[in-house]
Amino acid sequence: MFILSSPSGAGKTTIARRILAEDGAIRLSVSYTTRPIRPGEQEGRDYFFVDRQEFDRKVEAGEFIEWAEVFGHFYGTPKAEIKAGLKAGHDYLFDIDWQGTQQLYQRMEVDVVRVFLLPPSIGELERRLSSRGTDSADVVAQRMARARSEISHWDGYDYVVVNDDIDLCFAKVTGILEAERMRRARQTGLVDFVRELMR
Ligand code: 5GP
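For the structure given in this document, a descriptive report is provided here. (Residues numbered from 1 in each chain as written. Predicted model: local features only at pLDDT ≥ 70, side-chain atom pairs only at ≥ 80, totals over all residues. Heavy atoms only, no water.)

**A few points about the sheet that holds strand β9 (residues 159-162)**
What counts here: Paired strands, in this sense, are two strands between which DSSP finds at least two bridges. Elements are defined by DSSP. Helices are runs of H or I of four residues or more, strands are runs of E of two residues or more, and each kind is numbered from the N terminus. Think of each axis as a best-fit line through the C-alpha atoms, taken over the contacting stretch in the case of a helix, with angles from 0 to 180 degrees between the N-to-C directions.
With parallel pairing, the five strands of this open sheet are ordered in space as β2-β7-β1-β8-β9. Unpaired on one side and paired on the other, β2 (26-28) and β9 mark the two borders of the sheet. Taking each pair of neighbouring strands and ignoring which way they run, the sheet shows an average axis angle of 25 degrees. Sheet analysis places strand β8 (residues 113-118) next to β9, joined by four bridges and oriented parallel. When the sheet's bridge partners are listed, Leu 117 is paired in β9 with Val 161.

Following this line, the structure appears as structure tokens:
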């Protein structure tokens, strides 16, 4: 379970998309959310979009591994799909916030790798968050306040990568993924493999 968190504007979506495009062994954990769909998003690819009633029903039924309220909307990670996928040997990429990260870590500590991306500077983050040009100063200020609050949770992660260059950042994150896959405890079948080598 490879968790990628960051304040918005730190490049997490770009990095996540690239990992999914280039690494055939990892899948995206697609969350449920109550927030409205944005232009360009697809039901089932980016999120499963549900209303509050359906979300609450899923919470009650215990259908989420973790769920949290993030800036006024609800988000949850589906339990059944992920557990079945993990059991079948697939790696999963989670684009979730610090609250979800904490919950997954508490439940499945040994199977979790937590990576946090940071922007190179507050000025650069502000530039990225206001790059649409049409946003009012208020909207940008609100996004900056959210970003600061997300950044404050950086110390709940195993790895922290500063994204000052997207290619370099991608290489670093991929390096973490590869190294974590090579941990002895994660390599199933190693005992038989070594036994065969020794014969
Ligand atoms: P957005 O609405 O911009 O797609 O996501 C807002 C925030 O919610 C991001 O920080 C994202 O990582 C987080 N998020 C998305 N899905 C989940 C989830 O299933 N659980 C939790 N805890 N956070 C999520």
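**Details of the site of the ligand**
Defined as follows: A single heavy atom is enough: if one lies within 4 Å of a molecule or strand, its residue is considered near that molecule or strand. Contacts described as polar in this section are N or O atom pairs within 3.5 Å, which, within protein, must combine one atom able to donate a hydrogen with one able to accept it, while residues neighboring in sequence count only if both atoms come from side chains. All accessible-area figures derive from a Shrake-Rupley calculation using a 1.4 Å probe, and residue coverage is judged against the displayed protein chains alone. All amino acids are sorted into three groups, where Ala, Val, Leu, Ile, Met, Phe, Trp, Tyr, Cys and Pro are nonpolar, Asp, Glu, Lys and Arg are charged, and the leftover types, Gly among them, are polar.
Taken together, 15 residues sit near the ligand, with Ser 31, Arg 35, Tyr 47, Tyr 75 and Asp 95 positioned nearest. Measuring from an oxygen atom of the ligand, one finds a side-chain N or O atom of Tyr 47 at 2.5 Å. Between the ligand and Thr 77 there is a distance of 3.3 Å, counted from an oxygen atom to a side-chain nitrogen or oxygen. When the free accessible area of the ligand is taken as 510 Å², the share hidden by the protein chains comes to 88%. Contributing elements (two or more residues each) for the shell around the ligand: β5 (64-70) and β6 (73-78). Class assignment for the residues of the shell around the ligand results in five nonpolar, four polar and six charged.

**What about the packing of aromatic side chains?**
Operational definition: Each Phe, Tyr or Trp ring, with Trp reduced to its six-membered ring, pairs with another whose centre is within 6.5 Å; inter-plane angles below 30 degrees give stacked pairs, above 60 give edge-to-face pairs, and intermediate values give tilted ones. A 1.4 Å probe rolled over the protein chains alone gives each residue an accessible area, and that area as a share of the maximum for its type sets the label: buried under 20%, exposed over 50%, partly exposed in between. Cation placement over rings: the criterion is NZ of Lys or CZ of Arg within 6 Å of the ring centroid and within 35° of the ring normal.
Throughout the structure, instances matching the rule amount to 10 aromatic pairs. Considering the side-chain rings of Tyr 47 and Phe 49, the 5.8 Å spacing of their centres and the 65 degrees angle between planes classify their relative orientation as edge-to-face. We classify Tyr 47 as buried; its relative accessible area is 15%. Assessed through its relative accessible area of 18%, Phe 49 is described here as buried. When the ring centre of Phe 170 is taken as reference, the NZ or CZ atom of Arg 18 above it lies at 4.3 Å. The ring of Phe 74 carries the charged tip of Arg 52 above its face, separated from the ring centre by 4.0 Å.

**Some remarks on the nonpolar core**
Soluble, globular proteins show a tendency: their nonpolar side chains are buried together. As a reminder, the rule being used: In plain words, nonpolar cores are sets of buried Ala, Val, Leu, Ile, Met, Phe, Trp, Tyr and Cys residues tied together by side-chain atoms within 4.5 Å. By definition, residues are in contact when any of their heavy atoms lie within 4.5 Å.
In this structure, Phe 2, Leu 4, Ile 15, Ile 19, Val 115, Leu 117 and Val 173 are the most contacted members of the largest nonpolar core, which totals 17 residues. Put simply, the parts of the chain that give this core at least two residues each are β1 (2-5), α1 (12-22), β8 and α7 (166-181). Looking at this core, the element that brings in the most residues is α7, giving five residues. Setting aside residues no more than four positions away along its own chain, Leu 4 makes contact with Lys 12, Ile 15, Ala 16, Ile 19, Leu 93, Phe 94, Asp 95, Ile 96, Val 115, Leu 117 and Val 173. Membership of the second largest hydrophobic core comes to 10 residues, among which are Ile 3, Ile 65, Tyr 92 and Leu 104.

**A look at the pattern of salt bridges**
Stated precisely, the cut-off is as follows: Whenever a carboxyl oxygen of Asp or Glu lies within 4 Å of a side-chain nitrogen of Lys or Arg, that contact is scored as a salt bridge.
As enumerated under the stated definition, the model contains 20 salt bridges in all. In this structure, the salt-bridge partner of Arg 195 is Asp 192, at a minimum N-O distance of 3.3 Å. With a gap of three residues between them, Arg 195 and Asp 192 both fall in helix α8 (residues 190-198), about one helical turn apart. Judged on exposure class, the residue Arg 195 and its partner Asp 192 are both exposed.

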